[in-house]
Amino acid sequence: ESLGRSVPRKPLLWFVSTLILSFGCMAGVVTMTSKSAIVDLWVPADSEAKVNYDYIDKVFATSTNDVNVIFTAPNGEDNILKSTYFDILWEADTLVRSLSVDFEGTTYTYEDLCMKNSVDVCDHSGALEFWGHDKSAYDAITPTTDANLLAALAIDNFPGTGENVIYNPDCFGGTITKDTNDYIETAQSVKVTWWLQNQQACIDDYLCPELDFMTKFQEEMEKFVKTKSSEANLAYHTSRALDDALGEAIGADIPLVGAAYIIMIITCCLSLGKGIRHGCARSSCSLAGGGVFCVFLSTLAGFGIAALTGAWFTSLHALLPFILVGIGVDDMYVIVNQFQLTRESLDLEDRVGIAMKNAGIPILYTSVTDFIAFLLGSTSSLKGISSFCVYAAWAILFDFFLQCTMFVAILVWDHRRKEAKKMDCCICIGVTESEEEKPRFSRAMSEEMFGKPKKAEDLYIRTVSDAFEYFAIWLDKYWVAVVVIFLAWFGVGIWASTENTEGFDPNKLVLDDSFFKTYNVMNKKYGMSTYDAVAPVGIYLPDVDLTVAENQVKVLELTESATNLANSNGPISSWLVSFLSYLGTDTDVCGTAPATPCDYSSTGVDLTDAQIKAKIVSFLAVDEYKVWATDLSLGTDNSIEASRTWLFHDKIDGVKEQIDAMNQIVDLCNAYTGFEGKKVFADSWIYVYVYQFVVFFEELMTNFGLVLVAVLITSPVVLKQPIAVLLLLVTVAMIDTELYGVVYLYGDNVNSLTGLGLVMAVGLVVDYNAHICHAFFSNSDPELTNVERLRLTMKQMARSVFFGGMTSLLGLLPLAFSQCEVFRVFFKMVLAIILLGLAHGLIFMPAMLAALKIEPPKGIVSAKEKQ
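Residues numbered from 1 in each chain as written. Predicted model: local features only at pLDDT ≥ 70, side-chain atom pairs only at ≥ 80, totals over all residues. Heavy atoms only, no water.

**Points about the overall build of the protein chain**
Going by this rule: We count a stretch as a helix when DSSP gives it H or I for four or more residues in a row; a strand needs E for two or more, and each element gets its number in order from the N terminus. For each residue, the accessible area found with a 1.4 Å probe, counting protein chains only, is set against the maximum for its type, and the residue is called buried under 20%, exposed over 50%, and partly exposed in between. The criterion used for residue contact is that any of the two residues' heavy atoms lie within 4.5 Å. Surface accessibility follows the Shrake-Rupley procedure with a 1.4 Å probe radius. Residue values consider only the protein chains on display as shielding.
Counting secondary structure elements, the protein chain contains 31 helices and 18 strands. Each of the 867 residues in the protein chain was classed as buried or not, and the buried ones make up 56%. In the protein chain, once contacts between residues fewer than 6 apart in sequence are set aside, the share between residues at least 24 apart is 77%. Accessible surface, the protein chain: about 35,300 Å² in total, of which carbon and sulfur atoms supply 59%.

Laid out in structure tokens, this is it:
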């Protein structure tokens, strides 16, 4: 109330000072740090999975990057194995080989950056391997007919490497047919991959020529795809594709933010105060624009404060302007509504003071609840969630501050403009009210007084407030049916919650037309992803002494044990098996070799420190063994500092199976103590995606419980009655349970993204329900019956709650037209939050108040307030 009385005295001072403070906070955005890597955002920083991931990146820095393409025939044709399509495939190969990039003053060609294979030529895989990736060998097919093409594909070993031909997803996809000799005849798609090096600088600083090469590949392949669009369907991909696609998604929907603000301004102009239905003198368009301006300032200021705290900015933060413009205007509606409910005969200072006294507590309560909900969300170990919640929490708190100060100053100016009969949005023009307008305005004001409600039969519906008052009468009669319906829906929510499944699809994070998504969709459609049902998993041995035969055998035993797990299998890919085979033919180790090689595969062989260093070097110098260099980390003296062995996870179609697979092999490694206390561990690329689900549900339930505790602590200050606090808690719990079930009804998976909606839901649904509860217990006149208090409550507050919810929905409506699926999913979540929140706040909560007949606390009403 004191704040409300001080602002009318010096509105300009309040406006300017808060504006300067807002701009000062905005300056923090210059310190903003943007992040897009999934391993940074969706894997807990202190988790074993993240620690292992960082170790692997640091120690095994010789892993590869890649660029690749998938081709399919156009117009629904089922066979890609035709010479015209392979001509295009070779054009793509020529394009890749011709690319070069300038990096730090040096020009790098494809030959400089490619990963070399065992015969020291650039490594490739895919359909062009049938000609050894040699264009001249393909050109030698004379004539180049479809029949001759199939004849060239009818071989048993690839030229150059001599490897056995297997028609696997690395080469061909979709429906494959073979002839009587088991050679391929038709296929729906082909794939080619070009392998690149991955220097340590790519990992540490994300700065290396290979990354620039991939960017150049993406740019040139985009042009190539367009030129060939009528001849073939092409999709391309690189190792950096997801990071680039996420970065592209951040700014793609900026025009929708502008649309959201325009929609909000128009909506507020039509609905705030008396809207525009009472003419230019009594409309509130400038007031509406000022309120939305406060929301805009609070969003930028909140971003600045959050950036100063070190919180990261991610692609998901593009959601925040929509959320904040949607929920930020709620306080504005409550303040204006309470101001209109005061008598015009009072001084402006008194009116604003009383309005802020009546509105201040509920909007403080709901803002603090929103702030706490997001603040608790910021404690998540998943940086993607925690950074989002930090930005949202500060923006919401700053919006509350501006609505109570800057917006009130604008409200004062707007009221003085009306008193001076100046035109809305153009105060230099005076307006004279017609006699016809004056009584209509007076009648509208009288309808919103605090007086004792009329008899039900005398109630005439002329305004939205009247409609809600009439609805209160209906609820008092039929509350039993209303409660039964809501309890039935709650039961549906419980059932749907038990049916939820967890899942995470990176394709939802990027734009619909992103090359990353196009490639992944085609890759999956034609079954060309070798990791849909299986995933490679490595067993890592840091600093294990492999000079000892016993340790060599234990490594082989551990790997073999891993293949016997329920969700893990072979074939085993082990450098150690090849190394022991090599040693069996070495005369320094096996004196009888090569006439009679030694078999060390089950016994291992003891070596001196000098021996193993020398033999590892000679082992990796052999062409057929060069491939194992990426599975060994050697010191400067050629000592083995770390090594890894590969096998596969299988039967991992769902998140549950992936978590089981991860836990099984992790537990096996943790329990293995055969290496003199040296810890071994397992890791797979899927762990980056899976680990969030290990902690997600527990964190979600913990945060939800803590928010309920916060509501329990703060609610008695506002609601006074313990039964009202309990009713609010039960209602919030019901809504969140129903929302969790809605995820299943929508056909979506539960993951960190839907979890953001559930975190946000707590604050919003408290808003819708707490305002009704507070208004009900504020009507403490002992002469009023329970139904009369309910009628006054709905008349005074329901309109503000309803329009607050609708404006939130309209503010978020542009998200339904987002180019990014995750934003559309989030819109569906928010749609459910708002509709369920309004339904419970405006129907279920009043029905329960009618049913329970709760006596409000006996308050003391001043004569001025009663007047």
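Let us keep going from here.
**What about the nonpolar core?**
Rule in force here: Here, nonpolar core means buried Ala, Val, Leu, Ile, Met, Phe, Trp, Tyr and Cys residues that are tied together by side-chain atoms lying within 4.5 Å of each other.
In this structure, W131, F172 and F579 are the most contacted members of the largest nonpolar core, which totals 269 residues. With 18 residues, the top contributor of residues to this core is helix α30 (residues 821–852). Non-local contacts of F172, meaning those with residues more than four positions away in its chain, are made with L81, A127, F130, L153, Y167, I184, A187, S189, V190 and M528. With six residues, the next largest nonpolar core counts I70, Y519, M522 and Y526 among its residues.

**So, the pattern of salt bridges**
Applicable threshold: For this document, the term salt bridge refers to a Lys or Arg side-chain nitrogen within 4 Å of an Asp or Glu carboxyl oxygen.
Scanning all chains against the criterion turns up 30 salt bridges. K679 is the partner of E48 in a salt bridge, and the nearest nitrogen-oxygen pair spans 3.3 Å. Here E48 is found in helix α4 (residues 48–59), whereas its partner K679 is found in the loop between α25 (655–671) and β18 (681–684), with 631 residues between them in sequence. Salt-bridge contacts for D586 lead to K615; the nearest nitrogen and oxygen are separated by 3.0 Å. One end of the pair, D586, is in the loop between α23 (575–583) and α24 (609–621); the other, K615, is in helix α24, with 29 residues separating them in the sequence. Using a relative accessible area of 9% as the deciding quantity, one classes K615 as buried. Here the residues in one salt-bridge network are D512, K517, E821 and R824, joined through shared partners.

**Some points on the pairing of strand β9 (residues 189–196)**
Test applied: Should DSSP find at least two bridges between two strands, the strands are taken to pair.
β9 sits mainly inside the fold: seven of its eight residues count as buried. As paired strands, strand β2 (residues 65–72) and β9 are joined by eight bridges and run antiparallel to one another. Directly across from F71, in β9, lies its bridge partner V190. Taken together, the three bridges between strand β5 (residues 124–126) and β9 define a ladder with antiparallel strand orientation. Note on β9: the bridge partner recorded for G126 is V192.

**Let's talk about the state of the cysteines**
To be explicit about the condition: Any two cysteine sulfur atoms within 2.5 Å of one another count as a disulfide.
Scanning all chains against the criterion turns up two disulfides. Here C114 pairs with C122 through a disulfide, and the sulfurs are 1.9 Å apart. Measuring the twist about the S-S bond at about -65 degrees, one finds the C114-C122 disulfide to be left-handed. Here C114 matches C122 in class, with each residue buried. Sulfur-sulfur distance for the disulfide between C590 and C598 comes to 1.7 Å. Disulfide C590 to C598: torsion about the S-S bond roughly 75 degrees, handedness right-handed.

**Some points on the packing of aromatic side chains**
Put simply, the rule reads: A pair of aromatic rings is counted whenever rings of Phe, Tyr or Trp (Trp by its six-membered ring) have centres within 6.5 Å, and the orientation is called stacked for planes under 30 degrees apart, edge-to-face for over 60 and tilted otherwise.
Under the defined criterion, the tally for this structure stands at 34 aromatic pairs. Ring centres 6.3 Å apart and planes at 80 degrees place the aromatic pair F217 and Y236 in the edge-to-face group. Within this pair, whereas F217 is found in helix α10 (residues 209–227), its partner Y236 is found in strand β10 (residues 233–238), the two being separated by 19 residues in sequence. A relative accessible area of 8% means that Y236 is categorised as buried.

**Points about the environment of F213**
In this structure, F213 sits in helix α10. As a C-alpha pair, F213 and F103 span 110 residues in sequence and 9.5 Å in three-dimensional space. Here F213 is in contact with V96, L99, V101, Y110, L113 and L196, once residues within four sequence places are set aside.

**Some points on α30**
What counts is decided by this rule: Any helix carries an expected span of 1.5 Å times its number of residues minus one. The term bend refers to the angle at a residue between two fitted axes, each drawn through seven residues, those ending there and those starting there.
Between its first and last C-alpha atoms α30 spans 44 Å; for 32 residues at 1.5 Å apiece the expected length is 46 Å, and the two agree. In the structure, α30 departs most strongly from a straight axis at H840, where the bend amounts to approximately 35 degrees. Extensive coverage of α30 is indicated by the burial of 23 of its 32 residues. Once α30 ends, the next one or two residues include K853, with phi positive near 50 degrees.

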